[in-house]
Amino acid sequence: QKEVEQNSGPLSVPEGAIASLNCTYSDRVSQSFFWYRQYSGKSPELIMSIYSNGDKEDGRFTAQLNKASQYVSLLIRDSQPSDSATYLCAVDYMKTSYDKVIFGPGTSLSVIP
Amino acid sequence: DTGVSQDPRHKITKRGQNVTFRCDPISEHNRLYWYRQTLGQGPEFLTYFQNEAQLEKSRLLSDRFSAERPKGSFSTLEIQRTEQGDSAMYLCASSGIGWSSTDTQYFGPGTRLTVL
């Protein structure tokens, strides 16, 4: 099992709809979870971080974490064409001497006007 | 601009040549990471520095790859005897003024390497 898994997509949603992006991880002791957005040809930029079970909201974005299920998701409300990008889930990985962050393969989101 | 910078932005080289990339992190950050990203994949961890110490190096990094951060500021990544499989985007990120190595990482624009 890969450390961080995401559906590769593409995920297509109409403008104004809710986009739901999912991520599962294998390391049960992971404590820090991040969602990055990456536009084509650009570098990743942080959208949200979450550390505790439950929901965390920031504007149109809501991150949801369930450590028991080893699952983290990102909801994007009122999706806009400018949200079209690849969304990367990143999870801290504690099974080495020094903790680091492991990225999933990303989910490609397309918001259709 | 106080973000992470990388140089060059693009590099085209012939197989067998050596290449060196530079990363300048955000000035107050003490941690610096190198990643490699190929099309359709997430960033793949290569190596990690805390100040000038290289604390971890991925098993994926062959002996042809070496990284330095001599004064705990900028870092260089060198690839010797490049192969076509080395073609990728090489990303640098920096983080942290505290103890946690899972502070938010801020990425540079990347260096796109093409090996002919």
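Before any of the text, the structure's been laid out above.
It should be emphasised that the depicted structure is a prediction, and the values quoted were computed from it without experimental measurement.

1. A look at the state of the cysteines
For step 1, the next point in the chain: Taken as a whole and judged by the stated rule, the model has two disulfides over all chains.
For step 2, the next point in the chain: Across a sulfur-sulfur distance of 2.1 Å, C23(A) and C89(A) are joined as a disulfide pair. Between C23(A) and C89(A), the disulfide has an S-S torsion of -70 degrees and is therefore left-handed. Of the two residues, C23(A) sits in strand β3 (residues 19-25) while C89(A) sits in strand β9 (residues 85-93), which places them 66 residues apart along the sequence. Pair check on accessibility: C23(A) and C89(A) agree, each one buried.
For step 3, the next point in the chain: Here C23(B) connects covalently by a disulfide to C92(B), the sulfurs 1.8 Å from one another. What sets the handedness of the C23(B) and C92(B) disulfide is the S-S torsion sign, and at about -65 degrees it is left-handed. Of this pair, C23(B) sits in strand β3 (residues 19-24) while C92(B) sits in strand β9 (residues 88-95); the two residues are 69 residues apart in sequence, bridging distant segments of the chain.
For step 4, the next point in the chain: When its relative accessible area of 0% is taken as the criterion, C92(B) is described as buried.

2. A short note on the pairing of strand β4 (residues 33-38) of chain A
Residue and element names in this part refer to chain A.
For step 1, the next point in the chain: Most of β4 is tucked away, with six of its six residues classed as buried.
For step 2, the next point in the chain: In β4, alternate side chains face the same way, and those of F33, W35 and R37 on one face and F34, Y36 and Q38 on the other are all buried.
For step 3, the next point in the chain: Where β4 meets strand β5 (residues 45-50), five bridges bridge the pair, whose relative direction is antiparallel. Bridge assignment links R37 to a residue of β5, and that residue is E45.

3. Focus on unusual backbone geometry
For step 1, the next point in the chain: A cis amide bond, omega -5 degrees, links D7(B) with the succeeding residue P8(B).
For step 2, the next point in the chain: Relative to the helices and strands, P8(B) is located in the loop between β1 (5-7) and β2 (10-13).
For step 3, the next point in the chain: The phi dihedral of Q70(A) falls on the positive side, at around 55 degrees, and the residue is not glycine.

4. Section: the pattern of salt bridges
Pairing between side chains of opposite charge can happen when their charged atoms approach one another.
For step 1, the next point in the chain: Under the criterion given, the structure shown has seven salt bridges over all chains.
For step 2, the next point in the chain: Across the salt bridge formed by R37(A) and E45(A), the nearest N and O atoms sit 3.2 Å from each other.
For step 3, the next point in the chain: Across the salt bridge formed by R64(B) and E83(B), the nearest N and O atoms sit 3.4 Å from each other. With R64(B) in the loop between β6 (53-57) and β7 (65-68) and E83(B) in the loop between β8 (75-79) and β9, this residue pair connects regions lying 19 residues apart in the sequence.
For step 4, the next point in the chain: Through salt bridges that share partners, R64(B), E83(B) and D86(B) make up one connected network.

5. Re the sheet that holds β8(B)
Residue and element names in this part refer to chain B.
For step 1, the next point in the chain: Ordered by their spatial adjacency, four strands build an open sheet running β1-β3-β8-β7, and the pairing between neighbours is antiparallel. The sheet is open, and its two edges are formed by β1 and β7, each paired on a single side. Neighbour to neighbour, the strand axes of the sheet diverge by 15 degrees on average, direction disregarded.
For step 2, the next point in the chain: Here four bridges tie β7 to β8, and the two strands are oriented antiparallel to one another. Of the residues in β8, the one forming a bridge with A67 is L77.

6. Let's talk about the sheet that holds strand β7 (residues 61-66) of chain A
Consider a sheet: its strands pair through backbone hydrogen bonds, and that pairing is either parallel or antiparallel.
All names here are of chain A.
For step 1, the next point in the chain: Pairing in this open sheet of five strands is antiparallel, and the strands run β1-β3-β8-β7-β6 from one edge to the other. Across the chains shown, the open sheet's two edge strands, defined by having one partner strand only, are β1 (4-6) and β6 (54-58). Here the average twist between neighbouring strands, direction ignored, is 20 degrees.

7. Remarks on the side chain of S73(A)
For step 1, the next point in the chain: With respect to the secondary-structure elements, S73(A) resides in strand β8 (residues 71-76).
For step 2, the next point in the chain: Filtering out sequence-adjacent residues up to four positions away, S73(A) remains in contact with L21(A), N22(A), W35(A), T62(A), A63(A) and Q64(A).

8. Side note on the nonpolar core
Residues and elements named next belong to chain A.
For step 1, the next point in the chain: Counting 25 residues, the largest nonpolar core has W35, V72, L74, I76 and Y87 as the members making the most contacts within it.
For step 2, the next point in the chain: Secondary-structure elements contributing two or more residues to this core are β3, β4, β5, β7, β8, β9 and β11 (107-112).
For step 3, the next point in the chain: Ranked by residue count, the leading element in this core is β9, at five residues.
For step 4, the next point in the chain: Among all residues touching V72, those that are not within four sequence positions of it are L21, N22, C23, F33, W35, I50, Q64, L65 and C89.

Quick notes on the rules
Residues numbered from 1 in each chain as written. Chains lettered and ligands numbered in written order. Predicted model: local features only at pLDDT ≥ 70, side-chain atom pairs only at ≥ 80, totals over all residues. Heavy atoms only, no water. Disulfide = S-S within 2.5 Å. Helix = DSSP H or I, 4+ residues; strand = E, 2+ residues; numbered from the N terminus. Buried < 20%, exposed > 50% of the residue type's maximum accessible area, 1.4 Å probe, protein only. Pairing = 2+ DSSP bridges. Salt bridge = Lys/Arg side-chain N within 4 Å of Asp/Glu carboxyl O. Axes fitted to C-alpha atoms, helices over the stretch in contact; angles between N-to-C directions. Contact = heavy atoms within 4.5 Å. Core = buried A, V, L, I, M, F, W, Y, C linked by side-chain atoms within 4.5 Å.

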